[in-house]
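Analysis of the macromolecular model
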Amino acid sequence: LLLDLLPPGVCNLLNPAAIYANNEISLRDVEIYGFDYDYTLAQYSNLLHSMIFNTARDILIEQFKYPEGLGRYDYIPGFAIRGLHYDVQKSLLMKIDAFHYVQLGTAYRGLKPVPDEELIELYGGTQHIPLYQMSDFYGKGPSLKQFMDIFSLPEMTLLSSVIDYFITHGIEFDQVHLYKDISDAIRDVHVKGVMYKWIEKDLERYILHGDEIYAVLNRLVNHKKKLFLITNSPFSFVDKGMKHMVGKNWRELFDMVIVQADKPNFFTDRRKPFRKLDDKGSLQWDKINQLEKGKIYKEGNLFDFLRLTGWRGSKVLYFGDHLYSDLADLMLRHGWRTGAIVPELETEIRIINTEQYMHSLTWQQALTGLLERMQMYQDAESKQVLLEWMKERQEIRSLTKNLFNAQFGSIFRTFHNPTYFTRRLVRFSDIYMASISCLLNYDVNFTFYPRRTPLQHEAPLWMDQLCTGCMKTPFLEEMVHIR
């Protein structure tokens, strides 16, 4: 039956190097391309996460006087995923779906899972998190914090490691102070420039895909597109990285370069004026009446940027990795087009393309359809069969989740719903992709058409809701071979 449900060639159908559309967008209409730097133009190796974790852990011990025993904890690659929420008062790290429900089996206190029954009891008999607790426009609620930055992976792991140490050793702690201390230690790694020094010393080791970035930027310039860069990183750091990836004349490709922009405040706060830097990165005192090609600017704000450039609306496409700090304001307040860089997409698509995933998901959907259609049979024998199906369905769900991440599963889905991360991804980005280099696979006038996914009332038959429904999309098989 399973083989009958799976058409031939279903595996390897999705392309990790493709660009996926939430909204219809024609690149022909885009005249100006903007970029963030960290995890957008510059992709970093996972080694950086271990360095951030170790340094912040040592800051806790040496400066915040946390127990020396924390030194025995090392970074755990693959422990956390992006988009998780942390309940500060309850010391819980958990995955929440688009409907504000915690996915059972994905709540952790320290490095250990919290039983489903305990989780439900902690939230007053439900796994639902009320809106007022969840998050504001930037993912920071009164008691819940959402980790949306790729740099937050070591922070979540450090948070879990410290809590694990305190619980294991029976040490009482104040949840609010602990969270703040760890946030401050992680912030110091960034603000005091420690991370920048590591990367600058060994660019070859830390920066990935540099040659492809040059190809993307050069291609856009050759097609008469204007380019700009807005980043929170300092000039000397960006300059070294861009010289490594693009070459010593990288600034000639850009019409505007803005560093230490203080996003997301750059997009909302009118108070900070632009300041010019000289070629060595030293501050100048000129009043800025125009933004000149080839010059470097610091701070500033989007309102002055729009006034001085006139770059407004859907002719601008800006790429960033942080859905809140990079993209939210630009799409909702200013009408720019936005592209989200989601490096995890490549790994997740490779998992989706495996035979094991396809078989597990198809059989899970088959069981769901059987449960839906056969639930009217309430005799004792039928009830027993239904219970066995429900148990098997739950086992397959757990198996499918573990293919992505043993603790939290996929960053895009809970068992059947989109995650809160995905909800934000769909809301704040027109297109999304694993890296900027995916642009090389498309013509500069290409139009992205989002697939028409059926609404529940448009697809009453459970078979139509199989993940394999995407195979009916025209040209999808050809797109597999675009790279």
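It should be emphasised that the depicted structure is a prediction, and the values quoted were computed from it without experimental measurement.

**Quick look at the packing of helix α5 (residues 152–168) against helix α6 (residues 175–191)**
Between α5 and α6, whose axes approach to 10 Å, the crossing angle comes to 140 degrees. Accordingly, the angle class assigned to the pair α5 and α6 is oblique. The element α5 and its partner α6 pack so that their crossing is right-handed. Side by side, α5 and α6 meet where Pro154, Glu155, Leu158, Leu159, Val162, Ile163 and Phe166 of the first sit next to Leu178, Tyr179, Ile182, Ser183 and Ile186 of the second. Partitioned by chemical class, the residues of the contact of α5 with α6 number 10 nonpolar, one polar and one charged.

**Topic: helix α15 (residues 355–374)**
Its 20 residues place the ends of α15 28 Å apart at the C-alpha level, agreeing with the 28 Å of an ideal helix rising 1.5 Å per residue. Looking at α15, one finds that the buried residues are Tyr357, Met358, Ser360, Leu361, Thr362, Gln364, Ala366, Leu367, Gly369 and Leu371.

**What to know about the pattern of salt bridges**
Scanning the entire structure with this criterion turns up 22 salt bridges. The partner of Arg187 in a salt bridge is Asp184, and the shortest N-O contact between them spans 3.3 Å. One end of the pair is Arg187 and the other is Asp184, both in helix α6 and three residues apart, which spans about a single turn. One salt bridge connects Lys272 with Asp262, and the closest N-O pair in it is separated by 3.2 Å. Of this pair, Lys272 sits in the loop between α11 (265–268) and β13 (274–277) while Asp262 sits in the loop between β12 (256–259) and α11, and the two are 10 residues apart along the sequence.

**Some thoughts on the side chain of Thr55**
If you trace the backbone, Thr55 turns up in helix α2 (residues 47–62). Residues within four places of Thr55 in sequence aside, it is in contact with Val189, Val194 and Trp198.

**A few points about the domain arrangement of the chain**
When its domains are assigned, the chain resolves into domain 1 (28–45 + 206–342) and domain 2 (46–200). For domain 1 versus domain 2, the distance between C-alpha centres works out to 30 Å. Counting from both sides, the interface comprises 23 residues of domain 1 and, opposite them, 18 residues of domain 2. Buried area between domain 1 and domain 2, summed over both chains or domains, comes out near 1,900 Å², and the portion from carbon and sulfur atoms is 67%. Between Lys240 and Glu200 there is a salt bridge, and its shortest N-O distance comes to 3.9 Å. Here domain 1 is connected to domain 2 by five residue pairs in polar contact (both at pLDDT 80 or more). Looking at the side of domain 1 that touches domain 2 residue by residue, the classes come out as 13 nonpolar, five polar and five charged.

Thresholds, definitions, all that
- Within every chain, residues take consecutive numbers counted from 1 along the sequence as written.
- Totals for whole chains, interfaces and linings use all residues, but because this is a predicted model, local features are given only for residues with pLDDT of at least 70 and pairs of side-chain atoms are given and counted only at 80 or more.
- The basis for every side-chain value is the complete set of non-hydrogen atoms in the structure, without hydrogens or water.
- Interaxial angles span 0 to 180 degrees and are taken between N-to-C directions of axes, which are lines fitted to C-alpha atoms, for helices over the stretch in contact.
- Strands here mean DSSP runs of E at least two residues long; helices mean DSSP runs of H or I at least four residues long; both are numbered from the N terminus.
- Roughly parallel means an angle under 35 degrees; roughly antiparallel means over 145; roughly perpendicular covers 65 to 115; every other angle is labelled oblique.
- Less than a right angle of anticlockwise turn of the near helix away from the far helix marks a crossing as left-handed, whereas a clockwise turn marks it as right-handed.
- In this analysis, two residues are considered to be in contact whenever any of their non-hydrogen atoms come within 4.5 Å of each other.
- Residues are grouped as follows: nonpolar covers Ala, Val, Leu, Ile, Met, Phe, Trp, Tyr, Cys and Pro; charged covers Asp, Glu, Lys and Arg; every other residue, Gly included, is treated as polar.
- Multiplying 1.5 Å by the helix residue count minus one yields the expected span of that helix.
- Relative accessibility decides the category of a residue: with a 1.4 Å probe and only protein chains considered, values under 20% of the type maximum give buried, values over 50% give exposed, and everything between is partly exposed.
- The term salt bridge refers to a side-chain nitrogen of Lys or Arg lying within 4 Å of a carboxyl oxygen of Asp or Glu.
- Domain segmentation is taken from an automatic or database assignment of domains.
- What counts as buried area is the accessible surface, traced by a 1.4 Å probe, that two parts surrender upon association, with contributions from both included.
- Identification of polar contacts relies on pairs of N or O atoms within 3.5 Å, with a donor-acceptor requirement for protein atoms, meaning one able to donate a hydrogen and the other able to accept it, and with residues adjacent in sequence counted only if both atoms are side-chain atoms.

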